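Topology and contacts: notes
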Amino acid sequence: MNAAKYHGHHVWRRFRRQQLWRQLKANKTAFVSALILLTLGLLALLTPWISPFDPTDMQQQNIMDAELPPFWQLGNDSRFLLGTDGLGRDLLSSILYGLKNSLWVGFWAVILQFILGTSLGLCAGYFGGWADRLIMSLADFQLTFSSLMLAILVLAITRAAMGAHDYHIWSPWLLVLVLGLADWPQYARTLRASVLAEKHKDYIAAAQVLGYQSRHIMVFHILPNTLSPLLVIATWQIAHVILAEAALSFLNIGMPYANPSLGGLMGAGFEYMLSGVWWIALLPGLALLILLLSINLVADWLRDALDPKNLGQRP
Amino acid sequence: MSSTPALLEISNLHKSYQAPNQAHHWWRNPLSTSDANRIQAINGLNLCISIGETLCVVGESGCGKSTLASLVMGLEQPDQGHISYQGKTISGLKHKHRQEYRQRMQMVFQDPYTALNPRLTVLHALVEPLLYHQPQLNRQNAIDQAMAQLLEVGIDPALAQRFPHQLSGGQRQRVNIARALMVQPEFIVADEPLSALDVSIQAQILNLLAELQQQQQLTYLIFSHNLAAVEHMADRVAVMYEGQICEIASREQIFNQPQHPYTQALLAASPQIYTAPNNRQKLVGDVPNRIPTQQGCSLQDRCPKAFETCRHQTPKAKEIKPKHWVACHLAPNLITQTQVILEPRKLP
Amino acid sequence: MTSPLLKVTDLHVNFISRWPNEPSVDVLRGVCFELNRGERVALVGESGAGKSLLATSIIQLFDSSARIRQGEVVFEGQQLTQLNPKQLRKIRGRRIGMVFQDPMTNLNPSLTLEQQLLECILSHRRISRAEARLVALHKLRQVHIPAPEARLQQYPHQLSAGQRQRATIAMALALEPTLIIADEPTSALDVTMQAEVMSLLTHLCHSNGVALLWITHDLSLVAHASDRCLIMYAGQIVEQGPTTALINDAQHPYTQGLIKALPQMSKPGQSLFQIPGQMPVVEELGHHCAFAKRCEFAHEVCWQQAPSMPQDSGHQASCHLLTASQTLAGAKL
């Protein structure tokens, strides 16, 4: 077995010793938030099966069902628990699908950001010299642009170029790409700072003296010790990306209306607010709020929980 | 130089660094040459270590010990000069050529805590080098070897699953030594292995190092400022100041008849439990940073015996007795008493 | 007989556990000692013995979740454990000065020496800035810092380690306290610097009549710099007495082991005496002698009952074998 595989074996044991579960139970806020998040995640995953209607299916919509209120208000229809929107789509189903889309975009965008930012940050910090200068210049360049403006620009152009139909198919991936590429500098800079600090510690010198290659040292020695702030950033970034996607959809530049998203629903429902049809904008907004809040609280907890001093505590 | 063949030879080594913080004020002296901002860490160092011996290099912080250790281990490359191991040059080698020497030369670091990866258990830290260099071993085999090594350095195998922050200082240092031994080296460089440890643990580690040397025929290069430990452990002692060796001799000669004023001052300053420090002399001032273009002996500002030549010419090492070299203009006419009263430095 | 300057009686300090259901264990277990005016006392112990914790407990400057469970600390007749934070602040710095270990971090890197010294002096004394500056200069001269006027304008990073440590001593002495607690002040310094700072501190305390509590892990450092010596092990004081008597005729097996383990005590090439094992962790302590596991003279009684320290002044050790008036085999060095 080679050293890399042994490291792999070790990760799981180390993770168990971190005793994250015990720490989670000890912190009430985090525990509740994590439960909520888990529930939302499950709902999102099981949406195709548990959703009462399919909001992307034109056949199921009937314009006569439009603007029906939720179940606790007068004039509701028992088929639509949370009411319907302007096109007659069930709001509950739309919210569930919107949740699914939001989490999907959030997840993949963050994966992209994470991989890109981590590899670049690691190289910049460890190798220094011209690699460092190049990568940091790129990061600075990227940071000068507001990611939202850039996203709007790119998406608008693509949409005009592709046409509505193609855009409908590709938009989730485009969103992932645009939002993913927008925020990698955060990871890179944070990681670079941590790497610079770790690099001078004796155990890295010991690893070099033992003859390990740079790649091995970076991935198995430096990265595990600098990962915690990145995980916290990543978790927090899921919320950020979801919010960005919601904002873009609100402005009708993100997910097309036919593919429901929480932001899109809010955007479309905004006009109806003044005429008393409040549920189209507010209920998705509430769902979004709960989602973002629980993610942020879990991210907060994670930051404290990942302290290496917690390794190996006796239960 | 010595009858047994040399394992490591260092000749005319030079290394300088860019001084930090100077760059902030570049606008004050935009035309200054880069030399003014450089610190000469190693300044023409010559050293020779024979197989099986323990050479202790004594010096205070700022003398360049850590730089010398990094250069010997290949973590940095010298500006000038030459390091050879068993006759073959190792300074300036690229990474892949250096590999074969990596296993033969290992290092034990000063702070046992930062020298261990905080996220690896003791067992993992020992198994990793073994599996890295011998991937054909299976896991259980590697674990058995690591456990055997732990026993050899005196660590209870029950501690193998612990993390560094759960071990005491002495235990951590033992793990460091065990890790260095996993690749079966011939030569070990120890950079202040005792200074982060308590006195009674120092005794344990000293005994361990002596035992291992005997069992495995190791050669040691130990950097330390703990003169009592050095007197106990060394075969030969080299005294280092500002990037140069100012005196090198056998243990008896250094401790009984130190010739260089710096050696004498160091010996006088080290704490003794029974002898009262009545004529406790102090070398006034601190170790300054040497710049590359500085002339003369490094000790000129602090040495009471300094005269004209000391300010202009860097002293060369002279063999005043067999195998006893001193770099001082006063040699071989130095006072042979061990207790020299050093004058306090005259303040400007 | 005049009352002692500092009297610590039966001090127990424990840490509050982060897990709510875990019981807390005492780290300092019944520490008792006295310090008289102008006396220089060395507190010697290894890492984990609790000596730094004892120092911070006296001035109650805990940095983690430590607290005093029981016991008294009486300084100049005042019960320090019963004072509120405001009163304690008046005592710290003014009556008790502290010198810490690491010269790199015990000065604020973003303030000049002048700012720090003046802050220290002016927060306790109502004098003008100019007067405070004169006091600061005087103190810097006392600690032999060359060109003190220039040094006042400098930042800590522009001084060498030895000068920083001397500046810290100057700060501790600035308000003319009656007691200075020095927690390993020379451990981070080189040998020649160590000798200088040590003699400076002991000389200043002697000449100004300031009592000194010197905490260290190295007995040979304080052998000639202290009047009395306290040896600490596993949260308790196991031996105390005049330094020369203690070194020449150590009673407790731990002290004897510490002295025998010094490299000076063995011939070169010979195996050093080592005390087997290491200091027990807090969880292993119980109602028996903490040193029993490592002691070559351990008897049954050592495992059943913790020994007590006789209360008279002079040279005593807490060891069952002594109270039974038996001479220890091989006890003489």
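Worth saying up front: this structure is predicted, and the values here are computed from it rather than measured.

**Examining the overall build of chain A**
Counting secondary structure elements, chain A contains twelve helices and zero strands. Along chain A, helices (α) and strands (β) appear in the sequence α-α-α-α-α-α-α-α-α-α-α-α when read from the amino end. Residue burial in chain A is summarised as follows: out of 315 residues, 42% are buried. Within chain A, contacts between residues separated by at least 24 positions form 70% of all contacts whose residues are at least 6 apart in sequence.

**A short note on the overall build of chain C**
Summing up its helical and strand segments, chain C has twelve helices and eleven strands in all. Rg of the C-alpha trace for chain C: 21 Å, near the compact-globule value of 20 Å for 333 residues, within the 12% margin. Judged by the C-alpha coordinates and their principal axes, chain C covers about 65 × 50 × 45 Å. The buried share among the 333 residues of chain C stands at 45%.

**Looking at the packing of helix H6 (residues 161–173) of chain C against helix H7 (residues 191–208) of chain C**
Residue and element names in this part refer to chain C. The N-to-C vectors of H6 and H7 enclose an angle of 15°; their axes lie 10 Å apart at closest approach. Our classification of the angle between H6 and H7 gives roughly parallel. Remark: the crossing between H6 and H7 carries right-handed chirality. On H7, the residues that touch Ala161, Gly162, Gln165, Arg166, Ile169 and Leu173 of H6 are Met193, Glu196, Val197, Leu200, Leu201 and Leu204. Residue classes in the contact of H6 with H7 are distributed as eight nonpolar, two polar and two charged.

**Regarding the confidence of the model for chain C**
All names here are of chain C. Model confidence for chain C is summarised by a mean pLDDT of 83, while 94% of its residues fall at 70 or above. For the stretch residues 326–333, pLDDT sits under 50, and the model shows six contacts to residues farther than four places along the chain or on other chains. Two numbers describe this predicted complex: its pTM, 0.81, and its ipTM, 0.83.

**Looking at the sheet that holds strand E4 (residues 66–75) of chain C**
All names here are of chain C. Ordered by their spatial adjacency, four strands build an open sheet running E2-E1-E4-E5, and the pairing between neighbours is antiparallel. Each edge of the sheet is formed by a strand with only one pairing partner; in this case those strands are strand E2 (26–35) and strand E5 (78–79). Relative to E4, strand E1 (residues 6–15) runs antiparallel, the two sharing eight bridges. Across the sheet, residue leucine 6 finds its bridge partner in E4, namely phenylalanine 75. Across the face of the sheet, helix H1 (residues 51–59) comes into contact with E1, E2 and E4 while running at roughly 70° to E2.

**Describing the interface of chain B and chain C**
Taken together, the contact pairs 33 residues of chain B with 33 residues of chain C. For the side of chain B that touches chain C, the secondary structure elements donating two or more residues are helix H5 (169–181), helix H6 (199–216), helix H7 (227–233) and helix H9 (261–269) of chain B. Split by residue class, the side of chain B that touches chain C holds 15 nonpolar, eleven polar and seven charged.

About the criteria used
Residues numbered from 1 in each chain as written. Chains lettered and ligands numbered in written order. Predicted model: local features only at pLDDT ≥ 70, side-chain atom pairs only at ≥ 80, totals over all residues. Helix = DSSP H or I, 4+ residues; strand = E, 2+ residues; numbered from the N terminus. Buried ≥ 20, exposed ≤ 12 C-beta atoms within 10 Å, placed from the backbone. Contact = placed C-beta atoms within 7 Å. Rg over C-alpha atoms; globule rule 2.2 N^0.38 Å. Axes fitted to C-alpha atoms, helices over the stretch in contact; angles between N-to-C directions. Parallel < 35°, antiparallel > 145°, perpendicular 65-115°, else oblique. Left-handed = near helix turned anticlockwise from the far one by under 90°. Nonpolar A, V, L, I, M, F, W, Y, C, P; charged D, E, K, R; others polar. pLDDT = per-residue confidence, 0-100. Pairing = 2+ DSSP bridges.

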